[in-house]
Each structure stands twice: as structure tokens, then as C-alpha cells.
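Below, each chain spelled out in residue letters.
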Amino acid sequence: MFGYYLDLAWRSLRRTPVMTALMVLAIGLGIGASMTMLTVLHVMSDDPLPDRSAHLFVPHLDPRPANFTQNLYAPDASANFTYPDAMALVSSRQAVRQAAMAGGTLLARRSGTGHTPFYADGRFTTPDFFAMFDLSFLSGSAWSQADEDARARVVVLSESLSREVFGTADSVGRIAHLNDADLRVVGVTRDWQPNPMFYADADAKEFSDADRFFLPLSTSLDLKFNTNGNQSSWAGSIEHNSPTLTWLQVWVQLDTASEVTAYRRYLADYAGQQKKLGRYERSADSAHLYSLMEWLAIERKVPSDIHLQVWLALAFLAVCITNIVALLLAKFLRRGGEISVRRAMGARRRDIFIQLATESAVIGFAGGVLGLILAQLGLWSVRHRPDDYAHLASMDGPMLAFTFALALGASLLAGLLPAWRACRITPALQLKTQ
Amino acid sequence: MDIRPILITLRRHKFTCCLLVLQIAFTCAIVCNTIFLIGQRLDRMHVVSGIAEQELVYVELADIGTRTDGDARIAADLAGLQSIPGVKAAALLNQLPFNLGSDNFDVRTDPAQRIAPLNAAQYMGENLVKTLGVRLEEGRDLRPEEYIDLSAVNTLLSQKQYDKLPAVVLITRAMADRLWPGQEALGKQIYVGQGLPFTVVGVMANLIRPGMDRMGPGVQYSTVWPIRMPMLSGTAYAIRCAAQDCDQVLKTALVKLKKLDPNRIVLEKDTMEQHRSDFFQNDRAMTGILVAVCIALLVVTSLGIVGLASFWVSQRNRSIGVRRALGATRGNILRYFQTENFLLTTMGIALGMVLAYGINLFLIVHYELPRMPVTYFPVGALILWAIGQAAVLGPALRAAAVPPVVATRTV
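The model shown is predicted, which means the values in this text are computed figures rather than measured ones.

Regarding the UniProt feature "transmembrane region" (unreviewed entry) in chain B
The positions UniProt marks with the feature "transmembrane region" (unreviewed entry) are residues 20–39, 289–313, 342–364 and 376–397 of chain B. Within residues 342–364 of chain B, the helical portion is 100% and the strand portion 0%, while the C-alpha atoms at the span's ends are 32 Å from each other.

Structure below.
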């Protein structure tokens, strides 16, 4: 029966080719625009570490003075940590793993002479970083806590930087020259680029930057390396160890709900204790613990331009669907004669309804195919935009399936009302007027 | 023309009409808001910078390794740059207009103010005013003897010898008007940091502040300080020359700088015009998207109108024939369909205005956009009327061409 309905739909659509093309074009454009933007939104709000994100948390303390006025346009001064607070949290070892970190850019030199140096981005951090974020080592390992305490001149390179500097991925034991320092390579990691770069300061280009080296935070301070990212100070001092300058990020790993509860309590206690000491002016309630995805939702809002574009695309789809509803309604109602004859010959209302719905579904399917092509074109143009997320804009399997589901759903929805109206035509009246 | 018969006919297609009206309303509402958004972007992109954009090129360098002779190097660089034929001025600046990031600070007019009345960009670098081509409206430029090295400033600050700091500053007209409305700004004091006073000695007509996040209100709040820059991350040489010489001067400057000291990397170099164009590339892309959405919406809606009108025309073939047979002229038939479309579009526009206002409210709440000026509403209405009439013209002409003899035929 379905084959017969398809045949009927095909004949009916062929009778009005311009109108059919119009409807297919409308749904194709609507679907194409919506899917382009939904795909961009999807890749931008995706979980950067699906396996680990449930265990990763960000503590949040607020050491700002009570009368601190947050500039509307400036970054949130309490989003980062001061050095004393970060060190207190990391050395307390209250979580399963914990690390403090900050981004840095250093001048790297290729081994051999006559090469121009180049800048590489990396991270100054503490040893738990690697196990907590699950970086995999090609050779060697992370530095030890003893190295960290001793401000050891050591570094972990990413595979790509190791190849660029030494021409090989196996550079453990060799000496890397970064800025003016000689650092011994203790490990080489596989290249690692979570999207977005969730652990970096909000200043980072979170969809295009990647860390290419890692070295102990204590060493970086000892060598007076500059850090990237926002630094907010409120008492004039811009020394890195100042209690009134925020610049570090802290992440902790907590595996069970009870550990999370315990850590929350610990944070509140810490803030309360700092207040008692007179260092903090805000209440202990200002201490928070966010999960990775919560933190991304708060701190890394998808740019409002993207949201605006998604809204625009969906509104466009809505207009397209309204358009199709009107056209289908006009079309189905005009076929009153044909429908009445079929009804008079014994077709039930349901049969008519299914027949007309099949016709809308055929339009939807064709619209889906066109929409998919247009969405690919749209994503191709997004990939050529200057934004740092541009290179991520492509469809995965689920998004592909969703495109068809959306197209079919939209066209079926559009066909619903017209088909319902059409199958309620009174056959006797129609046949008489013919 | 009597619209009563048209309305009676339309009532027979209540559902379809409602849908068409709804579609026109949606389109009208979205088009109004989109045009408004486009206007906002264009305003942003056409911001006046107050500098001689066409006459500037810049080079950002990074030293390889630490060096002790930094100040001598910079003096030699600047002398070298100024000796290039066609170069009018050169300066080493802490930040350039149209940089993505920016250095800013809070400005107070009274050290006791709890909340600073405004936040301004901090420009530093000897010879900045002349190099960038900033116009001084009142007062004077900073004098060579007032300049002091940034390292000396830091030393004085850490030793709390505040009285030895140069106590003069230039501000923009916009800042002066905001800080002291209706008053003379020259000679007034601004307070910075822990209440350090600085005297305004000059008011610049305009100088745009850098920073993508500062493009909103207060984009002209900038200050210029008598501080000489060392080579730091973010500092760049700005070079002024005649507009037609820019490309050549940039090339020569790179060769010259390389010759003066090959042991450094060029991080960035370009003309200021290109720098500005890069700065606004996202806005340009967004404007393109908004225009495309606008056009796509109008096309889909007009195609919908064409489709429906064609349908109605062929449906009413016979009654058109009857009317023609009864004496209606072609013009009558044409105008009938045009009026019908006008009525539907008008209903759609009326509903669309309400929707447009609603969408604008949504944008105000969620995207911190300003209220849409009333002038955008009639623009949307006019566009929809024009589109409607254009779309219905084809089907209406076809209707007018129906010969009266159709009336005598059976279907």
C-alpha cells in the first residue's frame, strides 16, 4: 500500500512541478541554515573530555575585597586564583588529584645552528596535571613532586614540538632550550588538544590553541617566565606570588559523590579560615565547586553571535514551514474532487490522511537531501571564517541522522494540518458540485 | 475599490489566509530586527578612530633572548626608521589601535570616589601624537623632557616616590566631556591607582581605544602618557608616511630593522588599514550572514505568495471569466488581486510589528542590544509591501489575461 501511496504522491507532485520545487527549496533552505548553525553550536558546546569530565572539578574562591567593583567590560577577577590560594589547595591534597596551572609562550630553538627560533605555547603546572587529564606519554613520564619542589629544570614536550625541535619523537634525556633556559626533557606526550581548551584562562583561543610543552610551575616562577591570560590585581602589587593578584587556574579530580561533598566542605572551611585571618573580606559562602561542564557553561559561554545565528536559522525554518503548510493546504484542498472520488469508492479517512502524509514526507525527504547539501555548503563556508572554532565545523553521524529526522519531522508536521483538513472534505457535496 | 467582496472571498480560505498572514508577520518581524542588527554592525565597523589610518604601518618585533642594550637598540631602530625616505614619524607604542586586547585603567576625578566614573585605555610611547596623527583640540602635546622610561616608572612606584613621576597626561574630548561636562578640562586632575594625581595638559579630538571588548560605549576613552616604552610583548613600532608609500615603507622598514639587528623575530607587520580590516572581520562575516538571511527570508516569502496566488488564480479561473463576461476590465481583475495581496500583507505587517517589538525585547534582555529605533518599523513594512506587490504581479497579470469566454466553458 505504501508503494501505491508513493506512486500517487509522485504523480501528484509531478503535476505541479513548480510548486513542488518551491516546497522542496523552502524546506531545503530552512533545514540547511538550521543544521549549519546547530552543528556549529553542537561542536562548540561539546564535552571536551567525555571519559574524564565527570571526575573533573574547578574550585572557586573569592579573595576580592568587599568594596571591589567589577568592571563590566573587564574579565572576572575571581575567575582565577592567587598564588597563595592555589598553592594552599594543591599542597593540601584534599582531592584525589589536583593541579595549579597557567599558560605561557616561550621561544623554542631547533637543535642545530642557523634556524630561526619560534614561539611555542605551553603550560606551567604541577605534576598531577598529566594523570588528572589523562595525557598519554610516548616515552618518559611526568616530573615528580620532588622535581616540582626543587624547581628542577625539566620539561615535558608534546610529540609535535619534540619533532620540531629534535627531529624525533624520542627526545627524553636531551636538553631543550626554551627562552634562555636549558631544560632536560623528561617525557614526551602524544599531542593533546581538547576542544574547547577547558582548563585554560578565558583569554585563550580555546578552539585552536594547544599546549606543546609542560614544565613545573615552580621552575617557571624561578626563571621568571611570563604567563599568558588575564591577570587581575586590586592592591597595586603585580608580583606573581602576591595574595592580591589572580592569574592561576586550579583543577581537581574527585571520583565519588562523597569526595565531592567533602571537598565542598573543605573549600568553605578554607574560605572561612582565610576570613578569620583577615585575608578574605567575603563570606565563606563565596567558595564554590563546579563540575567541568558547569564551569564551561558559566565561564565559556558560546559567543552570543553564534546563539543569534542559531535563533535566526530556526526562525527562518519556522517561516519556511509556515510557507509549506500554506502551499500544501491550498494544494490538498484543491484536490477535493479526487479525494471525494476516492472516498466514494471506499477509501477511509485514514487512508486519505496517510496518502497525503506520504506526499508531504516525500517532499520532506527531498528537502532533507537538499538541506544536507546546503548544510555542507554552509559548514564549508563556516570553515573559511576567521573564528578559531571554524576548523571544527563539520557534521558527525548523529548530526547527519538528525538532519533527516528534522527535515522529515518538519515536513510531516507541515503536512499534518493540510492532510487533516483535506480528509474531512464531505465527498457528497464535492461530487455534486463537480 | 470596494474591498468587501475581497474580504468575503478571503473568508472562504480562512486557514490558508491565516497562514500567509502569519508567514508575512514572521518575515516582517525578523527582517525588521535583522536590518537593525545590520545597522548596529555597520555602526561598529565605521567607528571613527581619530588616527591617520591610511598613513600608518606597524611592525611588532620580539628579541631573541634577554638583552641589556634594549634602550640603545630602540633609539637606533627609531633613528633608522625615521631615515627611510617618505617616513614622517615613528614611535614605539605599548599598544596599537585595533589590537584585539588592551591595557586599561580606572580614572577618578576625586581620589575618594568608590566607583570610578570611567575606564580608559592607556597609550604610552614617545612621539605618539605626531606618529598616529592624533589632532589636539586644546592644550599642548607632551614635551620631550616630560618623558620617562617605563622601567624608571616601575622603580619609582615600588619605592613609593610618587612625586617624581611625570604628572601630565593627554585625554580625549569624549573623556573630558564625560568627566567634566560643560567645563574646561585643561588643568584638571585625574586620579589613578592609589589616588595618584595627573594633570590634563591636552585634549585630543579623538583617539580610539584598542580591544575587541571595548568597542561599545566609551570607545573613545583614551589617555596618552609621557612614558617611553622598552621592547615588551605587545609593543610595536608605528611608522607614519604618505598614504601611497605605505607598502614600500613597510618593506624598507623590515629590511632596515633586520639589518640593524638580525637576532629577532617579526611577530606582526601590516598597514593600519589592513589591521583595522582584520579587526572587524567577524563583524563583516556576521553582516554577510544577516544580509543573506534577510534575502533568503524575503525570497521564500515572496515565492510562497507567488505559489498561493497562482493557485488561487487557477482555482478562480471560471469566476474571473464570469466577471470579465459581465463587464469587468482587465484592470479590474488585476487590481482585485493586487488589493487582495495588499490586504493580506497589511494584516501580516500589523501582526509583524507586534512580533518585531517582542523579538527586540528578547534581544535586549538576552544579548544586551539597544532598543530598536521606531524608524526601523516602517522600513520593514515598506519592504514587505513591495515584495508582496512584486510577487503577486505575475499571477495577477495571468488572471487579467483570462478571456471572458472561459465563463461559457464547463470545467
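On we go from here.
As for the UniProt feature "domain: ABC3 transporter permease C-terminal" (unreviewed entry) in chain B
The UniProt record annotates "domain: ABC3 transporter permease C-terminal" (unreviewed entry) at residues 294–400 of chain B. This span, residues 294–400 of chain B, is 88% helix and 0% strand, and a straight line between its end C-alpha atoms measures 32 Å.

Concerning the UniProt feature "transmembrane region" (unreviewed entry) in chain A
Residue and element names in this part refer to chain A. If you check UniProt for "transmembrane region" (unreviewed entry), the listed places come out as residues 21–44, 310–333, 353–379 and 399–420 in our numbering. As a span, residues 353–379 carries 100% helix and 0% strand, and end to end its C-alpha atoms are 37 Å apart. Taken end to end, residues 399–420 is 100% helix and 0% strand, and its two terminal C-alpha atoms sit 31 Å from one another.

With respect to the domain arrangement of chain A
Interface size, as often reported, equals the accessible area lost upon joining of the parts. Residues and elements named next belong to chain A. Per the domain assignment, the segments of chain A are domain 1 (2–45 + 303–433) and domain 2 (53–299). Each side of the interface is counted separately: domain 1 has 7 residues, and domain 2 has 6 residues. One can count 1 residue pair in polar contact (both at pLDDT 80 or more) joining domain 1 with domain 2. Among the residues making up the side of domain 1 that touches domain 2, the classes are represented as 4 nonpolar, 2 polar and 1 charged.

A word on a nonpolar patch on the surface
All names here are of chain A. A cluster of nonpolar side chains, namely Phe365, Val369, Ile373, Leu377 and Trp380, defines an oily patch on the protein surface of about 500 Å² accessible area. Mapped onto the elements, Phe365 comes out in helix H12 (residues 349–383). Classification of Phe365 as partly exposed rests on a relative accessible area of 47%.

Quick notes on the domain arrangement of chain B
All names here are of chain B. For chain B, the domain assignment lists domain 1 (4–46 + 282–408) and domain 2 (53–279). The straight-line distance from the C-alpha centre of domain 1 to that of domain 2 is 53 Å. Listed by partner, the interface residues are 4 residues for domain 1 and 4 residues for domain 2. Carbon and sulfur atoms supply 29% of the area that domain 1 and domain 2 bury against each other, a total of about 390 Å² over both sides. Among the residues domain 1 hides against domain 2, the three largest losses belong to Arg44, Asn282 and Arg284. Together they make up 75% of the total. The interface formed by domain 1 and domain 2 holds 0 salt bridges in total. Connecting domain 1 to domain 2 are 2 residue pairs in polar contact (both at pLDDT 80 or more). A class-by-class count of the residues in the side of domain 1 that touches domain 2 yields 1 nonpolar, 1 polar and 2 charged.

A short note on the packing of helix H1 (residues 2–15) of chain A against H12(A)
Residues and elements named next belong to chain A. Where H1 contacts H12, the axes come no closer than 9 Å and their chain directions differ by 60°. The way H1 lies across H12 gives a crossing that is right-handed. Touching Phe2, Tyr5, Leu6, Leu8, Ala9, Ser12 and Leu13 of H1 are Asp351, Ile354, Gln355, Thr358, Glu359, Val362 and Ile363, all from H12. Split by residue class, the contact of H1 with H12 holds 9 nonpolar, 3 polar and 2 charged.

What counts and what doesn't
Position numbers for residues count from 1 along each chain, tracking the sequence in the order it is written. The naming scheme follows written order: chains are lettered A onward, ligands numbered 1 onward. With pLDDT at 70 or above as the cut-off, local features in this predicted model cover only qualifying residues; side-chain atom pairs require 80 or more to be listed or tallied, and sums for whole chains, interfaces and linings still use all residues. The side-chain numbers reported here are obtained from all heavy atoms of the structure, hydrogens and water having been left aside. UniProt positions are given in the numbering used here, feature names are shortened, and annotations may be inferred rather than shown by experiment. Strands here mean DSSP runs of E at least two residues long; helices mean DSSP runs of H or I at least four residues long; both are numbered from the N terminus. Domain limits in this description derive from either an automatic procedure or a database domain assignment. We call two residues in contact whenever any of their non-hydrogen atoms come within 4.5 Å of each other. Within 3.5 Å is the distance limit for a polar contact, defined as a pair of N or O atoms, with the added protein rule that one can donate a hydrogen and the other accept it, and that residues adjacent in sequence qualify only through two side-chain atoms. Nonpolar residues are Ala, Val, Leu, Ile, Met, Phe, Trp, Tyr, Cys and Pro. Charged residues are Asp, Glu, Lys and Arg, and all others, Gly as well, are polar. Patches were defined on residues exceeding 30% relative accessible area and lacking a salt bridge, with like-charge contacts within 9 Å and nonpolar side-chain contacts (Val, Leu, Ile, Met, Phe, Trp, Tyr) within 5 Å. The protein chains shown are the only cover counted for residues, whose accessible areas, like all others here, come from Shrake-Rupley with a 1.4 Å probe. Salt bridges are identified by distance alone: a Lys or Arg side-chain nitrogen within 4 Å of an Asp or Glu carboxyl oxygen. Categorising residues by exposure relies on relative accessible area from a 1.4 Å probe, with only protein chains included: less than 20% of the type maximum marks a residue as buried, more than 50% marks it as exposed, and the intermediate range marks it as partly exposed. The quantity reported as buried area is the accessible area (1.4 Å probe) lost by two parts once they are put together, taken as the sum for both. For helices, the fitted line uses only the C-alpha atoms of the stretch in contact; every axis is such a line through C-alpha atoms, and the angle between N-to-C directions lies from 0 to 180 degrees. Should the near helix be turned counterclockwise from the far one by less than a right angle, the crossing is left-handed, whereas a clockwise turn marks it as right-handed.

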